[in-house]
Amino acid sequence: MRVFKQTHAPGTSPGTLPERPRPIEPTVVHLVRYGLDGIEEGDLPADVAPPPTRASVTNWLDVQGHNVEQIAELGNQLDIHKLVLEDVVNVGQRPKIEDYDDSIFIVLDHFAMDDDSILAKEQVSIVIQRGSVLSARERQSGLFDPVLQRLRLGKGRIRGGGAGYLAYALMDTVVDHLFPVLDRVGDLLEELEESILEEPTKDDRAMLHHLKRDLLVLRKSVWPLRDMLRNLMLSESSLMGDETRTYLRDVADHAALALDIIETYREMVSSLNDLYLSSISNRMNEVMKVLTIIATIFIPLSFVVGLYGMNFDSQASPWNMPELGWYWGYPAVLLVMLLMVSGLLYYFRRRRWI
Amino acid sequence: MRVFKQTHAPGTSPGTLPERPRPIEPTVVHLVRYGLDGIEEGDLPADVAPPPTRASVTNWLDVQGHNVEQIAELGNQLDIHKLVLEDVVNVGQRPKIEDYDDSIFIVLDHFAMDDDSILAKEQVSIVIQRGSVLSARERQSGLFDPVLQRLRLGKGRIRGGGAGYLAYALMDTVVDHLFPVLDRVGDLLEELEESILEEPTKDDRAMLHHLKRDLLVLRKSVWPLRDMLRNLMLSESSLMGDETRTYLRDVADHAALALDIIETYREMVSSLNDLYLSSISNRMNEVMKVLTIIATIFIPLSFVVGLYGMNFDSQASPWNMPELGWYWGYPAVLLVMLLMVSGLLYYFRRRRWI
Amino acid sequence: MRVFKQTHAPGTSPGTLPERPRPIEPTVVHLVRYGLDGIEEGDLPADVAPPPTRASVTNWLDVQGHNVEQIAELGNQLDIHKLVLEDVVNVGQRPKIEDYDDSIFIVLDHFAMDDDSILAKEQVSIVIQRGSVLSARERQSGLFDPVLQRLRLGKGRIRGGGAGYLAYALMDTVVDHLFPVLDRVGDLLEELEESILEEPTKDDRAMLHHLKRDLLVLRKSVWPLRDMLRNLMLSESSLMGDETRTYLRDVADHAALALDIIETYREMVSSLNDLYLSSISNRMNEVMKVLTIIATIFIPLSFVVGLYGMNFDSQASPWNMPELGWYWGYPAVLLVMLLMVSGLLYYFRRRRWI
Amino acid sequence: MRVFKQTHAPGTSPGTLPERPRPIEPTVVHLVRYGLDGIEEGDLPADVAPPPTRASVTNWLDVQGHNVEQIAELGNQLDIHKLVLEDVVNVGQRPKIEDYDDSIFIVLDHFAMDDDSILAKEQVSIVIQRGSVLSARERQSGLFDPVLQRLRLGKGRIRGGGAGYLAYALMDTVVDHLFPVLDRVGDLLEELEESILEEPTKDDRAMLHHLKRDLLVLRKSVWPLRDMLRNLMLSESSLMGDETRTYLRDVADHAALALDIIETYREMVSSLNDLYLSSISNRMNEVMKVLTIIATIFIPLSFVVGLYGMNFDSQASPWNMPELGWYWGYPAVLLVMLLMVSGLLYYFRRRRWI
Amino acid sequence: MRVFKQTHAPGTSPGTLPERPRPIEPTVVHLVRYGLDGIEEGDLPADVAPPPTRASVTNWLDVQGHNVEQIAELGNQLDIHKLVLEDVVNVGQRPKIEDYDDSIFIVLDHFAMDDDSILAKEQVSIVIQRGSVLSARERQSGLFDPVLQRLRLGKGRIRGGGAGYLAYALMDTVVDHLFPVLDRVGDLLEELEESILEEPTKDDRAMLHHLKRDLLVLRKSVWPLRDMLRNLMLSESSLMGDETRTYLRDVADHAALALDIIETYREMVSSLNDLYLSSISNRMNEVMKVLTIIATIFIPLSFVVGLYGMNFDSQASPWNMPELGWYWGYPAVLLVMLLMVSGLLYYFRRRRWI
């Protein structure tokens, strides 16, 4: 996963939206209007302004996709600050909270891991205004369907909780999505550990590296997320009700737990890396031992048989290789070599090499 | 030990208890009612509400096991917050304290290490209410038997200390269980050190890795535990009496000591890892030296004997291997080879290889 | 890139400017006078004093180059503190803000990376006075052209924002220049990762080292930059208007994001270093395996053929190498060697070496 | 040195003293009563209560040894809190200060290093009460003899300083004992560095590991010691006079200096570890080079001489090894081999292997 | 450089000066009396008391050398606290500031690096009293000559700045001496980097280790130095005038810059260490490849030529090595060997070993 991608040239005016946005699938704005009395929903066409807010009715505008002009238009209609719109569109921001007088701007990251264990990151922006919540994400997905479902069913506090509670529910959903990812990472770590303890492969090395990088990306996102949630909990903004704060503590707890797990996994990856390196060294030691044992046994033997392969002329002198003519010469050489092998094997055994 | 296991789908309503709980042994609720005057105890059937609290009498409900419905029912009867119940049932929380108006919710981890040095972790939840303590753990065990025994004997402050002191006694018991685990880890570290200093094995490598992981798990639990106990000590809740606070300082001290030992052990494991790696390198060096010495001595000798094994026709020319016909040819070659070996041995000795 | 270069002898009086400055290209002072009504600009000759400030007109003096005397003269004319001038001229300062009564002194670093991925650093000093901004950098460049362009066009808040907003715009431009550099570093990291995962080369090693050093230099600059911007945002100086502070939060956010990316990249480089080392070890393992397999197969075979190359006199004794005279002798030896090879290959296969 | 040893079963009542104490040499309680007017001293028998305190006379009870019952008895007579007594007897506490209303309880560690460089640790407990100091250590030793000597001589402030100053003198003595230990560690580090730079041995590896562990133990003790002394300096207890506080700053400075040296040594040990590892790698490189040079020179030569040792029947065909019958055949082969060796030596020289 | 050397026995009375001081060159006390009106200077004999201070005249006593008795005598005459004198004489203190009612005691370290790149450290103590500054260093040197020169010339603020400004000037001089040392370290790092990237040698390894140690020593001194200077800047002592504080910020900035450079260099050394290790591994890989290529090519060839060096009696059976009698036998064997070599070379080329 690429950590960062530059979006606009240095020196441009603040609040400048990117001119040539990335080509993306069409943007959908789903509008939900609900209160204790009922709920109505539908897609908001690109050129229609959202309906004005009313007491006891909450507007939820769920923007899916990145049509820059449409978002800019919507932002103007809702009277959202230029710098906020810039951050909504220029994805890749750190999770943060910005507390304006009449609105709260929140950025989070939604993570998902597919079947090939590739980590995907999506920026989710939430703008809370009185009686209205705007959520924006990079592409169309079913991310907020459970919240929509709870709104439709009208169970629990959700219909009566106002904009603050809805924002909490959205954030809770995003934070909860961390756990299936961490669960998957945990599985991968267990598989890796088993594989490395048994027999380290080249794939393990690449997998270790990818996990390290993914956990790094997760940590860089969850660390500010936790702080952001705590700040939101302590924020004195009237947009978050007192009851909602209790629930925010719960989601902040979840973020802290996720961070804890991430840190633990990071140390495990580091420990697995040590294990991998020592496994490789161990294997090299074994390979070297085999080579050394074979070479140490056979090189001296080869010398001996080479010795008696020399062609000194035994007729020219009684000192020239008389062994070749002895009666027991050959068996004696065989015996000597057998003793050499036995001695070396004993030596290796004593050093616990075999 | 698996660090984390996901428990429910993202986006569900807060306070949702898991629908399909893990199959576990039956849940037992042990009720103890005591005061300065006496003590009565017994198992509370699943469908019976706990008796109301009375001044000067403390109710202790000790829940062993994880029957979700039974715990939910009990929680309702005791008027415990939905989010608290969720944390009691969804084990794997971080040690923490949550200070509600009329109750304190505490989560700790109980650790044990069996004979195979496998670390086991169990979440212990404690809910303190006026005149009543609810303790919940994952399975039936004798963990709190010493406290029960002290209650039965009625010695010391325990019968007159109220709910706060009982909660302290339970926490103290859980924290004290850290030390036998650390003791065992210390033994394992000593064995490992001895083994690695003498001769590192493949098992040492795996054991090092497991200890590293276990200490990581312990640290991730004891770090928040220490903070939690300090917060509890400083908490202004009227549920903890002033005298109990002095004892809380003692148990917080114990947690700090445990954390200290864990950190020390973690650095020792890291040092042992270095030692292991350098031991392996040392061994490889030794193996390589043996190979090099043997090869360096015998390869040149083999060349010499190979040289005089060539079949040049000495009759075709007086320059063709006349050495083969010399009178002292064979002894001279033997002497030359002896000198070569001596020279190499001297060289190796000087470089301190042998 | 050299991290630090000493500029003057120890013990000299404070505020001493370097006597023999580095030879540099001529210094240009570009003067821009603007207000809501209009803008005029031109180069200020070396011996002419800048015009006095007026209400509703802002003077921007953009000094490009390092002619020490000229800068000293200009500093005197503008009544800038001796210690500030020393820091403007002795480049290599840490990013910092110094809050004087009637002026603010700011130091930042401008980074650029050329096509050969060589990181270049330039100190940018900004002195904010009432109605006047002095910016000084080490050499002539188009760094501030976008700001000049926006001033000329007069769009947005820039003409009416006063000295504080201009200083913000300059700082924003410098900070924004971090991102193309980080983008390039990200590209290099991706290339490196691919190369190392496939086949580590000697160049990768040098590149890793250079990236590590560059990121170190970046971090050492961006870390104090972020703090400096936060301090500036919180500063109570009347030179920065309230509206400008909102924009300062934005640029401080950018600096924090840059720092985040730098930290992430640093950990990635460290992870790539691990990957590199384990890749080398892996390759050495493979090389050793090839050597061991070849040697283990052929060294025993060589012994066997050497054995039957011995010249024992089979006529001197029936025990002297009777095999040589057997009818099936040669085929039998070939068969024995074939069996040896098969056995070894089977052994290697079982150990998963081949 | 074992870092930690468990002392009592989990779940026992707070303040429980260990039932089966470690068998130790007899406990001696040395009583010193002194004031500006004079001094009297003697051993206090086990069954005699210490004399009551008087204004202008300070009682110092110096307990050497660990007779649990005797200490418990003494504690009761002096009205010392149960939890304090537990910490006095259960040695292995972290250095700490506990500030009670009418007494201060201090725990420190006394370190010593014997001639075999084995680090020994002893817990020293000090209880300060009005007009009385109780010091307790694990065994009989001359640790506090210099203080006793100064009391007997009556020089300096010591006789008139009261209980607070005496406690300071005892702590100062214990802290000062850190420095001979650090001095010895410094000597060992210098020896190690020299040995590793010259030629790393297996003993160096073990010594490095032991030093790392000892410095870890020292750090874990001196870190809380420094904080404890600072807290004591800032404590508002009336038991420490204002003048004594100035001296406490001095001893706190010493503890900070010791911690500094320990941290420096720890980094040196880590640096020596790196040096050791790279030394081993260097040596392996050298060994491999020798092997490679020998093998690369002689293996091709052996092939050549083996080639002309083949027995092809030169009579069967003019193509079968006609070289064997050439007039200059043997000298030509010798020349070829000489050229091969020269070429290889040149190649090795160019690669700077020899 | 030895980090620490013990100076006195544990348990001695506070303020005890060392009895047998190290033998050193004679101590010189240089007295400078100056004010706005003039300056007089001269060496103060050992047995003469310094002249009393006067308004508008500042006394500077510059003690060079370590004659303990002379310093003790001087300290008594100047009414300096016993503990301060102890720290002046027992060099090896951490940089620190101690704020007494009527005086300020400052300790710094002066560093120098000679031509052999050996780092030398000298403690500089400064005692500021009303109208008087005492500076003490370990040996005679020209360290403070630039300050003396500025006093003699009387330029700038120095003659009228009083004791506080003089102390600042001395500290500034000592801090400025850090930069030539860091400059030299930077040169050495650049040389090392070049050498390691090209070809790592044994000297590089030792040099890396020494640099790591020197930077450690520097950091351990500059870290408290920076804090000390900040504390001094914030100190409310009337001995430091308000104008002097502005200059103190400058020197504190320099110390912070020095610390920054030191930290950067430390990370560079660590990065060079990684580079060194991977360079060694790379070289070993290359050596192993050469060995493997040679062995893999020639060992099979040697087997083939050995095969046809066997002496099976071709007359005893038509199956006994009939190849030896074939017409094209020898050329065929040569061809087979050529093919083997080609195949292996192709294999190595494909694996990119050659």
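See above for the structure.
Computed from a predicted model, the values in this text were never measured in an experiment.

Criteria and thresholds
- Residues numbered from 1 in each chain as written.
- Chains lettered and ligands numbered in written order.
- Predicted model: local features only at pLDDT ≥ 70, side-chain atom pairs only at ≥ 80, totals over all residues.
- Heavy atoms only, no water.
- Helix = DSSP H or I, 4+ residues; strand = E, 2+ residues; numbered from the N terminus.
- Rg over C-alpha atoms; globule rule 2.2 N^0.38 Å.
- Buried < 20%, exposed > 50% of the residue type's maximum accessible area, 1.4 Å probe, protein only.
- Contact = heavy atoms within 4.5 Å.
- Areas by Shrake-Rupley, 256 points an atom, 1.4 Å probe, with all protein chains shown as cover.
- Least-squares fit on C-alpha atoms with pLDDT ≥ 70 in both.
- Buried area = accessible area lost by both parts, 1.4 Å probe.
- Salt bridge = Lys/Arg side-chain N within 4 Å of Asp/Glu carboxyl O.
- Polar contact = N/O pair within 3.5 Å; in protein donor to acceptor, adjacent residues only side chain to side chain.
- Nonpolar A, V, L, I, M, F, W, Y, C, P; charged D, E, K, R; others polar.
- Patch = residues over 30% accessible without salt bridge, like charges linked within 9 Å, V, L, I, M, F, W, Y side chains within 5 Å.
- Lys, Arg positive; Asp, Glu negative; His and termini not counted.
- Charge placed at Lys NZ, Arg CZ, Asp CG, Glu CD.
- Pairing = 2+ DSSP bridges.
- Axes fitted to C-alpha atoms, helices over the stretch in contact; angles between N-to-C directions.
- Parallel < 35°, antiparallel > 145°, perpendicular 65-115°, else oblique.
- Left-handed = near helix turned anticlockwise from the far one by under 90°.
- Phe/Tyr/Trp six-rings, centres within 6.5 Å; stacked < 30°, edge-to-face > 60°.
- Lys NZ or Arg CZ within 6 Å of the ring centre and 35° of its normal.
- Core = buried A, V, L, I, M, F, W, Y, C linked by side-chain atoms within 4.5 Å.

### A few points about the overall build of chain A
Thinking step 1. When helices and strands are tallied, chain A shows eight helices and seven strands.
Thinking step 2. In terms of overall size, chain A is more extended than a compact globule, its C-alpha atoms giving a radius of gyration of 36 Å where 354 residues would be expected to give roughly 20 Å.
Thinking step 3. If one aligns the C-alpha atoms of chain A with their principal axes, the spans along those axes are about 125 × 40 × 30 Å.
Thinking step 4. Within chain A, the proportion of its 354 residues that are buried is 59%.
Thinking step 5. For chain A, restricting intrachain contacts to residue pairs at least 6 apart in sequence, the fraction spanning at least 24 positions comes to 67%.
Thinking step 6. Looking at chain A as shown, the accessible area adds up to about 14600 Å², and 53% of this sits on carbon and sulfur atoms.

### A short note on the relation of the copies chain E and chain C
Between the two copies of the chain lies a rotation about an axis combined with a shift along it.
Thinking step 1. For these two chains of identical sequence, chain E goes onto chain C by a turn of 72° and a shift of 0.0 Å along the axis, with RMSD 0.1 Å. Here the transformation between the copies is reduced to the relation of a five-fold axis. In terms of C-alpha distance to the rotation axis, chain E has Gly309 of chain E as its closest residue, with the C-alpha 4.6 Å off the axis.
Thinking step 2. Little of the interface of chain E is mirrored in chain C: 14% of its interface residues are interface residues there too.

### Description of the interface of chain E and chain C
Thinking step 1. Chain E puts 72 residues into the contact, and the matching count from chain C is 67 residues.
Thinking step 2. Here chain E packs against chain C, burying approximately 6200 Å² in sum over the two surfaces, 60% of which is carbon and sulfur.
Thinking step 3. There are nine salt bridges connecting chain E and chain C.
Thinking step 4. Notably, a salt bridge pairs Glu267 of chain E with Arg266 of chain C, separated by 3.0 Å at the nearest N-O pair.
Thinking step 5. Linking chain E to chain C there are 22 residue pairs in polar contact (both at pLDDT 80 or more).
Thinking step 6. Element by element, the count of residues in the side of chain E that touches chain C is highest for helix 7 (residues 242–307) of chain E, at 35 residues.
Thinking step 7. When its residues are assigned to classes, the side of chain E that touches chain C shows 34 nonpolar, 18 polar and 20 charged.

### As for the interface of chain E and chain D
Thinking step 1. With 67 residues of chain E in contact, the opposing surface of chain D contributes 72 residues.
Thinking step 2. Together chain E and chain D conceal approximately 6200 Å² of surface at their shared face, both sides included; 60% is due to carbon and sulfur atoms.
Thinking step 3. At the boundary of chain E and chain D, one finds nine salt bridges.
Thinking step 4. Seen at the junction of chain E and chain D, the total is 22 residue pairs in polar contact (both at pLDDT 80 or more).
Thinking step 5. Secondary-structure elements contributing two or more residues to the side of chain E that touches chain D are helix 2 (82–89), strand 4 (96–99), helix 6 (202–234), helix 7 and helix 8 (329–350) of chain E.
Thinking step 6. Among the elements that take part in the side of chain E that touches chain D, helix 7 of chain E stands out by supplying 19 residues, more than any other.
Thinking step 7. In terms of residue class, the side of chain E that touches chain D is made up of 34 nonpolar, 14 polar and 19 charged.

### Some points on a negative patch on the surface
Residues and elements named next belong to chain A.
Thinking step 1. Residues Asp79, Asp99, Asp101 and Asp102 make up a contiguous surface patch of negative charge.
Thinking step 2. For Asp99, the position within the fold is in strand 4 (residues 96–99).
Thinking step 3. Overall, Asp99 belongs to the partly exposed group, its relative accessible area being 37%.

### A short note on the sheet that holds strand 2 (residues 39–43) of chain E
Residue and element names in this part refer to chain E.
Thinking step 1. Strand order in this open sheet of seven strands is 2-1-3-7-6-5-4, and the pairing throughout is mixed. Of all the strands in the sheet, the pair left with one neighbour each is strand 2 and strand 4. Direction aside, the axes of adjacent strands within the sheet are offset by 15° on average.
Thinking step 2. When strand 1 (residues 28–34) meets strand 2, the two strands line up antiparallel, connected through five bridges. Paired with Arg33 across the strands is Glu40, a residue of strand 2.
Thinking step 3. Helix 5 (residues 178–198) contacts strand 5 (103–113) and strand 6 (119–129) of the sheet and is inclined by roughly 30° relative to strand 5.
Thinking step 4. Of the strands in this sheet, strand 4, strand 5 and strand 6 touch helix 6, which is tilted by about 150° from strand 5.

### Remarks on the packing of helix 1 (residues 68–78) of chain B against helix 2 (residues 82–89) of chain B
Residues and elements named next belong to chain B.
Thinking step 1. At a minimum axis distance of 10 Å, the contact between helix 1 and helix 2 shows a crossing angle of 150°. When the axes of helix 1 and helix 2 are compared, the pair comes out roughly antiparallel. The chirality of how helix 1 crosses helix 2 is right-handed. Here Val68, Ile71, Ala72 and Gly75 of helix 1 come into contact with helix 2, specifically with Leu85, Val88 and Val89.

### Digging into the sheet that holds strand 2 (residues 39–43) of chain B
The strands making up a sheet associate through backbone hydrogen bonding, with each pair oriented either parallel or antiparallel.
Residue and element names in this part refer to chain B.
Thinking step 1. Ordered in space as 2-1-3-7-6-5-4, the seven strands form an open sheet in which the pairing is mixed. The open sheet has two free edges, formed respectively by strand 2 and strand 4 (96–99), since each of these has just one partner strand. Averaged over all pairs of adjacent strands, the angle between their axes in this sheet comes to 15°, without regard to strand direction.
Thinking step 2. Contacts between helix 6 (residues 202–234) and the sheet are confined to strand 4, strand 5 (103–113) and strand 6 (119–129), with strand 5 contributing the most and set at about 150° to the helix.

### A word on the pattern of salt bridges
Thinking step 1. The full count for this structure, using the stated rule, is 95 salt bridges over all chains.
Thinking step 2. Between Arg226 of chain A and Asp227 of chain A there is a salt bridge; the shortest N-O distance is 3.8 Å.
Thinking step 3. Through salt bridges with shared partners, one network takes in Asp87, Lys96 and Glu98 of chain A together with Arg249 and Asp253 of chain C.

### Some points on the packing of aromatic side chains
Thinking step 1. Taken as a whole and judged by the stated rule, the model has 55 aromatic pairs over all chains.
Thinking step 2. On the numbers, 5.6 Å between centres and 15° between planes, the contact of Phe348 of chain A with Trp353 of chain A is stacked. Like Trp353 of chain A, Phe348 of chain A is buried.
Thinking step 3. Across from the ring centre of Tyr100 of chain D, 5.3 Å away, lies the NZ or CZ of Arg249 of chain B, which sits over that ring.

### Observations concerning the pairing of strand 5 (residues 103–113) of chain D
All names here are of chain D.
Thinking step 1. Of all eleven residues making up strand 5, ten are buried, and the element is well covered by its neighbours.
Thinking step 2. Looking at chain direction, strand 4 (residues 96–99) and strand 5 are connected through four bridges and run antiparallel. In the sheet register, Asp99 faces strand 5, and the bridge partner there is Ile104.
Thinking step 3. Two successive antiparallel strands, strand 4 and strand 5, enclose a turn made up of three residues.
Thinking step 4. By the bridge criterion, eleven bridges tie strand 5 to strand 6 (residues 119–129) in an arrangement that is antiparallel. In the sheet register, Ala112 faces strand 6, and the bridge partner there is Ala120.
Thinking step 5. Counted along the chain from strand 5 to the antiparallel partner strand 6, the turn is five residues long, and its residue Ser117 has a positive phi close to 65°.

### Regarding the nonpolar core
Thinking step 1. Counting residues in hydrophobic clusters, the biggest one holds 135 residues, and the most contacted among them are Tyr308 of chain A, Tyr308 of chain B, Tyr308 of chain C, Tyr308 of chain D together with Tyr308 of chain E.
Thinking step 2. Residues within four places of Tyr308 of chain D in sequence aside, it is in contact with Gly309, Met310, Asn311 and Phe312 of chain B, Met321, Glu323, Leu324 and Val333 of chain D together with Tyr330 of chain E.

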